[in-house]
Amino acid sequence: MAQPSARRAPYKDFLQPALQRRFAGTAAILLGLAYSESVILSNLESYFWLWFPLGPSGLRALAIFICVLPIIILRIAHAHMGIRTSRSPFDTLVRSLFEFSTFETILTYVGSSWLFSQIYLHSATENAGIHWINHIAGRTRLNEQALFYTVNLVFVGFVQGILHLTLDQNGLLLGSVKPRPEGESDSSNTQDQWHMKISERLPLLLVRSGMQAITVGIANYVLVYHFIRDSAWSWAMWFFRLRYSDLPKYNLPPGTAPWSVWMLWQSMWASFLLCLLWNFADIVFRAQLAREPLKNGQPLTSESKDPNGSLVNGLRSKKPRIASFAMWELAFIARDYTARRQTIFEDIDRPDGPIWSQISVLCLDTIRKLEQRVDDYGASPAPPSEAAALTAPAQPHERISQPLKSGDVLAPRRTAKSSLVKASVANLITSPGKTPVEALGPELKRGAQHLVDKVMTPQQLEAVQPGALGSLLQTASLRVLGWPLIGPFFRQNFGRLLSEAVLGSPYAEASLYANAAYALSQLAVCSLNEDIYGNVQRDVPAIIRTFTAVIKKIEKFRDSFPAHWTDVAQDRQCAEVTELLTALKDGLAAVIKGFGPYSSDLRLSRMDMRLAQEAVRHD
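Caption draft 1: Quick peek at the nonpolar core. Residues Trp 132, Leu 330, Ile 359, Val 502, Phe 547, Ile 554 and Leu 588 are the most contacted members of the largest nonpolar core, which totals 140 residues. Of all the elements, helix H8 (residues 261-289) adds the most residues to this core, at 16 residues. Dropping the residues within four chain positions of it, Val 502 is found in contact with Leu 370, Arg 373, Val 374, Ile 554, Phe 557, Val 577 and Leu 580.

Caption draft 2: Seen up close, the side chain of Thr 102. Secondary-structure assignment places Thr 102 in helix H5 (residues 100-123). The exposure class of Thr 102 is buried, given its relative accessible area of 3%. Setting aside anything within four residues of it in sequence, one finds Thr 102 in contact with Ser 96, Leu 97 and Leu 165.

Caption draft 3: Representation of helix H7 (residues 194-241) in the model. With 48 residues, H7 should reach 70 Å at 1.5 Å per residue; the first-to-last C-alpha distance of 51 Å falls well below that figure. At Tyr 225, H7 is deflected by roughly 60°, the largest bend along its length.

Caption draft 4: Main features of the pairing of strand E3 (residues 133-136). Relative to strand E4 (residues 139-142), E3 runs antiparallel, the two being bridged by four bridges. The partner of His 135 across the bridge, within E4, is Thr 140. Connecting E3 to the antiparallel partner E4 that follows it, the hairpin turn spans two residues, and Ala 137 within it adopts a positive phi of roughly 55°.

Caption draft 5: Expanded view of unusual backbone geometry. Cis rather than trans, the peptide bond between Ser 505 and Pro 506 has omega equal to 0°. As for its position among the elements, Pro 506 is in the loop between helix H19 (494-503) and strand E8 (507-508). At Asp 168, a position not held by glycine, the phi torsion is positive, near 55°. Within the secondary structure layout, Asp 168 lies in the loop between helix H6 (144-166) and strand E5 (171-172). Using a relative accessible area of 13% as the deciding quantity, one classes Asp 168 as buried.

Caption draft 6: Inspection of the packing of helix H21 (residues 540-560) against helix H23 (residues 606-615) at higher detail. In the contact formed by H21 and H23, the axes pass within 9 Å of each other and the chain directions differ by 50°. Taken together, H21 and H23 sit at an angle that is classed as oblique. The handedness of the crossing between H21 and H23 is left-handed. Facing Ile 544, Arg 545, Thr 548, Ile 551 and Lys 552 of H21, the residues of H23 in contact are Asp 608, Leu 611, Ala 612, Glu 614 and Ala 615.

Caption draft 7: Geometry of the packing of aromatic side chains. Under the definition given, this model contains 16 aromatic pairs. Aromatic rings pair up to connect Tyr 377, Phe 494, Phe 557 and Phe 561 into one cluster.

Caption draft 8: Structural view of the pattern of salt bridges. For the structure shown, the criterion picks out 20 salt bridges. Among the ionic pairs, Arg 350 bridges to Asp 306, the shortest N-O distance being 2.7 Å. In this pair, Arg 350 sits in the loop between helix H11 (338-346) and helix H12 (355-376) while Asp 306 sits in the loop between strand E7 (298-299) and helix H9 (307-315), placing the two residues 44 residues apart along the sequence. Residues Arg 350 and Asp 306 agree in their burial class; the two are buried. Arg 558 is the salt-bridge partner of Asp 559, the closest N and O atoms lying 3.4 Å from each other. Using a relative accessible area of 17% as the deciding quantity, one classes Arg 558 as buried. When salt bridges with common partners are traced through the structure, they connect Arg 75, Asp 282 and Arg 286 into a single cluster.

Caption draft 9: A look at a nonpolar patch on the surface. Residues Ile 214, Ile 218, Val 222, Leu 223, Phe 227 and Ile 228 make up a contiguous nonpolar surface patch of roughly 570 Å² in combined accessible area. Structurally, the position occupied by Ile 214 is in helix H7. The class of Ile 214 is partly exposed, set by a relative accessible area of 40%.

Caption draft 10: Structural view of the side chain of Thr 166. Its place among the elements puts Thr 166 in helix H6. Thr 166 sits in the buried class, given a relative accessible area of 7%.

What counts as what
Residues numbered from 1 in each chain as written. Predicted model: local features only at pLDDT ≥ 70, side-chain atom pairs only at ≥ 80, totals over all residues. Heavy atoms only, no water. Core = buried A, V, L, I, M, F, W, Y, C linked by side-chain atoms within 4.5 Å. Buried < 20%, exposed > 50% of the residue type's maximum accessible area, 1.4 Å probe, protein only. Helix = DSSP H or I, 4+ residues; strand = E, 2+ residues; numbered from the N terminus. Contact = heavy atoms within 4.5 Å. Expected span 1.5 Å × (residues − 1). Bend = angle between axes of the 7 residues up to and from the residue. Pairing = 2+ DSSP bridges. Axes fitted to C-alpha atoms, helices over the stretch in contact; angles between N-to-C directions. Parallel < 35°, antiparallel > 145°, perpendicular 65-115°, else oblique. Left-handed = near helix turned anticlockwise from the far one by under 90°. Phe/Tyr/Trp six-rings, centres within 6.5 Å; stacked < 30°, edge-to-face > 60°. Salt bridge = Lys/Arg side-chain N within 4 Å of Asp/Glu carboxyl O. Patch = residues over 30% accessible without salt bridge, like charges linked within 9 Å, V, L, I, M, F, W, Y side chains within 5 Å. Areas by Shrake-Rupley, 256 points an atom, 1.4 Å probe, with all protein chains shown as cover.

Encoded structure:
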C-alpha cells in the first residue's frame, strides 16, 4: 500500500542503533574475559575477595578492559566492508605503510601492550622479583627483570600491529542468504547463531595466541632485547630518576642480563594472556558487528513508518556498509517474511515508481557492475572526448622564427673582429675532437674479449649471460616462495588477483552481489503467487538475460585469467567468485523453473532459454 504522507526515515536511523547495541554487547563480553584474567593474576588468599567484583579483582579487571577498549575503538574507526583486494599480504603492507592509519594502529597496540605490562608487573608478588624498584642494602636499584617484561610485551604489541595491517583485520565480512532446504517452511523467527560462531573458533583462538606468544617470546629473548637493552635501560633510568633521586647517575645496565628459562616462560605466559585478549576481541567484534539485520526476529526497518521506503533508501546509499546491510535485509525478506513481500508487490503508488520496480532496477544495476568491471579489466583509459577538446582553451603557438627586420635588408652584414675571435675560441673549446675512450674503445673491447675467452670456459660464459642469470634468480625466488613461513607473505595467489579483477579494489564485498542475486530471483519466484497486479512478470526477461550474460562472462574471464609466477601452488580457486557464481546460478535456476512454462508469453526466445539453461550448469 502507498504511504505518501509518511516520512521516509533513512536506513541508517535503524542500522546505527543496532550497531551500537552490538558494540555494547561486545564490550560486555570482553569485560567478562578481563575479569577472568584478573582472577588468574590475583594473589589474594581470601576466596571472597578473589571473586568480589568491587574489590581488587574488579579494579584490575577494569584496568585490563581499558587495555583492549582502544583496540575496539580502532576497529570501529577503520572498519570497511569486505576483503582488501590486494595482490599479497606484502602488497597490503606496502600500500598502507605511509598512511596515518598505519602509525595509529601500531601505536594503539603498543600503548595497549605497555599498559597491560604494567598491570601484570603490579599484580605480581614481592617474591616474584619483577617489580621496577629493588632496595638492596639500603640502596635503590632499578630491576632489569621488569624492563625485560615490558620490552617483551611492547614487542608483542608491535608485532600484533603489523599482523593487524597485513591480515587486514579491519575487514567486516557479512553473510549471504541461502535457500532453505526442501521441506523446511518459511519462519519469521530466524535464529541468530553468533555465539555458535565464537565457540567454534575458540580452539583456533587458543592455538593462535599460544603460537604468537611463543614465537615473539623466543625472538625477543634471543635477538631483540640484546640490541635494544642499552637504550631501554637509559630510558627507564631517566624516567625513574624523576621519582627516585638516589638512583645511580650512570646509565650502564648491569653486567649480567636477566636471561633465564624461568623469565622466558613467565614472559610467554604474560604474552599469551595479552594475545588471548586481543584475538578474542577480534572474534567477538566480527561476530557481533556482522550479525543479521534483524531485531527481535523482524527486519530492522519493520519499526519504520514507511518500511519499504526506508529499505530502498538503504539500497540507494553510496556508503558500502549501509548498502550491504540493506541488501542483506532484502534477501531475508525475500526468503522468510511473506507479509513483507506482499507489501513490496502491492506498494505501487509512489512518485519514483512502484517499490518492486525500484528494487529490481537497483539489484540489476548492482549485478551489472560485475560485467562492467570485467569488461574494463586491462582496457586502456578512454581518450578525451571531442567535446572536451573543443572546449579546452587554445594555447598560443611557440614562435619558430625570428621576427621580420625593418630597414635595408640587402645591405652587407657587418661583423666585428672581436666576435669572430670569440666564436673561434668557443668552437675550439666545445669541439675538442675525439676523446681517449672513443679513440681506444674498439682496441680495449677486443683485448677484453680475448682475455675473457682465455680465462672462462664456454659453459661459464653461458652461465653469466643475462638470460641465465634471470633464470637462476627466478629459481631462487620460487624456492623462497615455497617456504611455509615466508612464502605466503609474498605470493600473489590466483584467488586474490581474480577477486581484485571481478569484485573491484581496494575493498570487495561478495555478499552484496550474492544477496542481490538471491533477493531478486526469490522475489520473482514468489510473485507467481503473491503479485496480484502482475508487475513482476514484465521484468522477468531482463532478469534472465542479465543473469545469463553475467554468469557466462565471469566464467569465461575466470577460465582465461592467467596465474602469477609467484603462485607456486597454482591453485585456480577463488572462494569469493565461486560464492558469487553459485548465488547467480541458483537464482537463475529458480527463475527458469518458475517461469519456464510461460517463456513464450514473456517473449523469451528459445535461444534465451537455451543459453540460460547452459549458464546454470555447475562445473
